[in-house]
Structure formats: C-alpha cells, structure tokens
Amino acid sequence: MIKKKSTRLILGNWKMFGSFFDNAYLLNGLKSVDDSFYCDMGVCVPYPYLFQASLFLQNSKCSWGAQDISFRTSGPYTGEVSGAMLREFGCKWVIVGHSERRLFHGETDLDVSKKIEAAVSNNIVPVVCVGETLEQYESNESLQIIEKQVNSILELDSSIVSKAIVSYEPIWAIGSGCPANPDYAQKIHSMIREIFIGKGVNNIKILYGGSVKPDNAFDFFAMPDIDGALVGRSSLDLEDFLAIASIKC
Ligand code: PGA
C-alpha cells in the first residue's frame, strides 16, 4: 500500500541571523506564498524579530515561530521566554532540542521533554530535533542514539506527543554543505516512524534537516517517510527558500 503523505512542511530556521532591514526583504518575499505552493510554510526567527515577523506575515500563508522555549511558566528566570509569551506573538511553531542548544546550552532529553510539554500547553507545535554526531555516525551508533532520543519523547503522554513534529537532523550535515544521503535519511525516518507507531502515534510528521538546498530537496521529498524540511542557511536566501518550497513531487 502506498502511504499517503501529509501536507509537506517547509520550516526555516534563521538561527542567530538577521536585522530589521534584511528581514524586511525576506518577510516581504514570503508574503507571496500562495496556494500554488505545495506545502505549509513557516519561519522560526530570533525572539527580537517575532513582532516584525507577525506584522509582515499576518494574513499570509507563511506562519512564524521561535527557536526555543522555556519549560517554566513565569518567574525570576533571567533570559528565559515562556510559551505564553510566544503565544502572544502568534507563534505557531517552536524548535525544541536543536543540536546547537543541546551542544552549547547543555540541553538534555529531559529538558527537551519539558519544553515539548510547555509548547503544547500553549498551543504551539514543538518541532523536536533529534540526530547523531559525526563520531556516533562513524562508529555506527546512529540508530541507537536516535532511538534513545525518540524514546525519551515517547515517555510523554501520547496526547502531547501526537501534537509534536520531529526533525531528523544529523549533526554532521548541519551547516556543512554536505547533506545526508537521502536513502540514509529515509532509513532513519522510517525507523523513527516505526517507533512512534509502536507507541500508538500514527500520524507523526518527520522533517529532514541538514544542508537542504534547492538542488537536493527533491531527492529528500521523494522519500516516503520524509514529510518536509527544517532549513537553516537556505532559508536566509529568499530565492532558495521559495525554490525549496515550490518543489512538486
Ligand atoms: P542548515 O541548518 O540547513 O544550515 O544545515 C539546518 C538546521 O540547523 O536546522
């Protein structure tokens, strides 16, 4: 039986890039997204630009979100931003557990789970990143590492997990210009899906992230278990991002 894919999702991760001036050009261009695009689309921008994104993108087909969320509700937590605050800025998405947060901010699987809960309780879709390092990849530990990360998500109640999206991002492919081989990514995606299905979560959307560009995106989207992409560098280039989003297959 051929699996019917859910609507493809193309999400930009601006990371710590941007300025009011540069953003205006990008956001203006993203307003042109219409029904002819074969996907849902969004951009996850730095916190200070959420308001700008909401001004430009309101009433457009492109949604917006953040790149992190506090697992706390409110209180004396300097530098933290709560789910309720993100909701006030109209965030639809929040990236959770990106490898750059796990690596540079010591985020653990437990932190990630708490952030997923915080997002869902504020009606924000958590886009949960999993993936292995180059060292783990080279020593054939990828499946084991990803399984552990996914199982940790699945310790949450299925009513919460079913509202999440997963993004498989091999750390060695992020920002490297060398994406994973699409067949390899498909194998990992299929494994992730099986684990979710085994726990009764049947409709999980699984994105691929790591050096997605206009010239390689088709090969990922053609894979049966790849439901879209989390795009870093190429989401900062309007033409590239729109080219990725307009791929039909
Ligand atoms: P990249 O980043 O597309 O620049 O590799 C992807 C990501 O980190 O989400």
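Residues numbered from 1 in each chain as written. Predicted model: local features only at pLDDT ≥ 70, side-chain atom pairs only at ≥ 80, totals over all residues. Heavy atoms only, no water.

An unreviewed UniProt entry annotates the protein chain as Triosephosphate isomerase of Candidatus Kinetoplastidibacterium desouzai TCC079E. Under the UniProt heading Catalytic activity (unreviewed entry), the entry covering the protein chain gives this text: "D-glyceraldehyde 3-phosphate = dihydroxyacetone phosphate". For the record of the protein chain, the UniProt heading Subunit (unreviewed entry) holds the text "Homodimer." (UniProt positions renumbered as here; feature names shortened; annotations may be inferred.)

Novice: Sorry, what's going on with the overall build of the protein chain here?
Specialist: Across its full length, the protein chain holds 11 helices and eight strands. The C-alpha radius of gyration computed for the protein chain amounts to 17 Å, which stays within 12% of the reference 18 Å derived for 249 residues, consistent with globular compactness. A principal-axis box enclosing the C-alpha atoms of the protein chain has dimensions of 45 × 45 × 35 Å. Of all 249 residues assigned to the protein chain, the portion counted as buried reaches 53%. The long-range fraction of contacts in the protein chain, counting pairs at least 24 apart against all pairs at least 6 apart in sequence, stands at 73%. On the protein chain, roughly 12,000 Å² of surface is accessible, and the fraction owed to carbon and sulfur atoms is 54%. If the 23 positive side-chain charges of the protein chain are averaged to one point and the 29 negative ones to another, these points end up 5 Å apart. (Helix = DSSP H or I, 4+ residues; strand = E, 2+ residues; numbered from the N terminus. Rg over C-alpha atoms; globule rule 2.2 N^0.38 Å. Buried < 20%, exposed > 50% of the residue type's maximum accessible area, 1.4 Å probe, protein only. Contact = heavy atoms within 4.5 Å. Areas by Shrake-Rupley, 256 points an atom, 1.4 Å probe, with all protein chains shown as cover. Lys, Arg positive; Asp, Glu negative; His and termini not counted. Charge placed at Lys NZ, Arg CZ, Asp CG, Glu CD.)

Novice: Would you mind going over the UniProt feature "active site" (unreviewed entry) in the protein chain with me for this structure?
Specialist: Per the UniProt annotation, the sites labelled "active site" (unreviewed entry) are His98 and Glu169. These annotated residues cover 72 residues of sequence, and their C-alpha atoms all fall within 8.4 Å of one another, placing them together at a single site. Inspection of the secondary structure puts His98 in the loop between strand E4 (93–96) and helix H4 (99–105). Contacts of His98, omitting those with residues within four sequence positions, involve Asn13, Lys15, Cys129, Glu169 and Ile174. With respect to the helices and strands, Glu169 occurs in the loop between strand E6 (165–168) and helix H9 (182–198). One polar contact links Glu169 to His98, side chain to side chain, over a distance of 3.1 Å. (Polar contact = N/O pair within 3.5 Å; in protein donor to acceptor, adjacent residues only side chain to side chain.)

Novice: Would you mind going over the packing of aromatic side chains with me for this structure?
Specialist: Centre distance and the angle of the planes are the two values used to describe a pair of aromatic rings. Applying the stated rule across the entire model yields seven aromatic pairs. Ring centres of Tyr137 and Tyr184 lie 5.3 Å apart, and the angle between their planes is 80°; on these two criteria the pair is classed as edge-to-face. Note that Tyr137 is positioned in helix H6 (residues 134–138) and Tyr184 in helix H9, a separation of 47 residues in sequence. Through successive ring pairs, a cluster of aromatic residues spans Tyr137, Trp172 and Tyr184. (Phe/Tyr/Trp six-rings, centres within 6.5 Å; stacked < 30°, edge-to-face > 60°.)

Novice: Would you mind going over the side chain of Lys15 with me for this structure?
Specialist: Mapped onto the secondary structure, Lys15 falls in the loop between strand E1 (9–13) and helix H1 (20–30). Taking relative accessible area as the criterion, Lys15 reaches 18% and is therefore assigned buried. What Lys15 contacts, discounting residues up to four positions off in sequence, is Cys44, Pro46, Gln67, His98, Glu100, Ile174 and Gly232.

Novice: For this particular structure, what's the right way to read the UniProt feature "binding site: substrate" (unreviewed entry) in the protein chain?
Specialist: As annotated by UniProt and renumbered to match this structure, "binding site: substrate" (unreviewed entry) occupies Asn13, Trp14, Lys15, Gly175 and Ser211. Their sequence span is 199 residues, while the largest C-alpha to C-alpha distance among them is just 13.8 Å; these annotated residues converge on one region. In this structure, Asn13 sits in strand E1. Owing to a relative accessible area of 5%, Asn13 belongs among the buried residues under this scheme. Non-local contacts of Asn13, meaning those with residues more than four positions away in its chain, are made with Cys44, Gln67, Ile95, His98, Leu230, Val231, Gly232 and Ser235.

Novice: Just to check I follow, could you spell out H1 for this structure?
Specialist: Since one α-helical turn is 3.6 residues long, residues separated by three or four positions face the same way. Listing the buried residues of H1 in full gives Asn23, Leu26, Leu27, Gly29 and Leu30. The buried side chains of H1 occupy one side of the element, clustering within an arc of 160° when seen end-on. The exposed residues of H1 that point more than 90 degrees off its buried face are Phe20, Phe21 and Tyr25. Residues of H1 that are buried in the fold lie against strand E2 (40–44), helix H2 (50–57), strand E3 (62–66) and helix H11 (238–245). (Arc of directions from axis to C-beta.)

Novice: Would you mind going over the site of the ligand with me for this structure?
Specialist: Around the ligand, the structure places 13 residues, and the nearest of them are Lys15, His98, Glu169, Gly175 and Ser211. Contact distances for the ligand include 2.6 Å between an oxygen atom and a side-chain N or O atom of Lys15. Within the backbone of Gly232, one N or O atom sits 2.8 Å away from an oxygen atom of the ligand. (Near = heavy atom within 4 Å.)

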